[in-house]
Amino acid sequence: QVQLVESGGGLVQAGGSLRLSCVVSGRTITTYSAGWFRQVPGMEREFLAAIRWSTRNTYYADSVKGRFTISRENGKNTVYLQMNSLKSEDTAVYYCAVDMMTYGSKWPPVDSGMDYWGKGTLVTVSS
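Here we summarise the structure given alongside this text. Bear in mind that the values here come from a model prediction, so they are computed numbers and not experimental data.

1. So, the environment of serine 63
Alright, step 1. The topology assignment puts serine 63 in the loop between strand 6 (58–60) and strand 7 (68–72).
Alright, step 2. A residue is classified by how much of its surface remains accessible, and serine 63, at 35% relative accessible area, is partly exposed.
Alright, step 3. A polar contact is formed between the side chain of serine 63 and the side chain of glutamate 46, at a distance of 3.2 Å.

2. With respect to the sheet that holds strand 7
Alright, step 1. Across the sheet, four strands lie side by side as 1-3-8-7; this open sheet has antiparallel pairing. The open sheet is flanked by strand 1 (2–7) and strand 7, the only strands paired with a single partner. Averaged over neighbouring strand pairs, the angle between their axes works out to 15° when direction is ignored.
Alright, step 2. Relative to strand 8 (residues 78–83), strand 3 (residues 18–26) runs antiparallel, the two sharing six bridges. When the sheet's bridge partners are listed, valine 23 is paired in strand 8 with threonine 78.

3. Quick look at the pattern of salt bridges
Alright, step 1. Under the criterion given, the structure shown has five salt bridges.
Alright, step 2. Close ionic contact of aspartate 90 with arginine 67 constitutes a salt bridge, the shortest N to O distance being 2.8 Å. Taken together, the residues span a long stretch of sequence, with aspartate 90 in the loop between strand 8 and strand 9 (92–100) and arginine 67 in the loop between strand 6 and strand 7 at a distance of 23 residues.
Alright, step 3. Through salt bridges with shared partners, a single ionic network connects Arg38, Glu46, Arg67 and Asp90.

About the criteria used
Residues numbered from 1 in each chain as written. Predicted model: local features only at pLDDT ≥ 70, side-chain atom pairs only at ≥ 80, totals over all residues. Heavy atoms only, no water. Helix = DSSP H or I, 4+ residues; strand = E, 2+ residues; numbered from the N terminus. Buried < 20%, exposed > 50% of the residue type's maximum accessible area, 1.4 Å probe, protein only. Polar contact = N/O pair within 3.5 Å; in protein donor to acceptor, adjacent residues only side chain to side chain. Pairing = 2+ DSSP bridges. Axes fitted to C-alpha atoms, helices over the stretch in contact; angles between N-to-C directions. Salt bridge = Lys/Arg side-chain N within 4 Å of Asp/Glu carboxyl O.

Put into structure tokens, the structure is as follows:
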């Protein structure tokens, strides 16, 4: 089993920045990629960013290119999402997820292909 715990959500003013963390525990040696998604009421879950576990290659949705950065700290099983120039439209519950290569993987990832999910962290951007 793999467990993911997000943190770093909270209230931030529009134009500000916030950094989310996702601690991945358990067996991570077969992790193919990790990603960040978000969901707001009445809308489908939206893909934001993904990173290959070993190579650290990244992929971003057009909506966050130039504003958000996904990374994995060297030697740590922690994935980050640095969010800059935040807008009120960014208000959502943010989730991290991992795709295990042993179950089959796709790049760029899709939400239905992710194998483990965190419980989410709420980000509220005030205008």
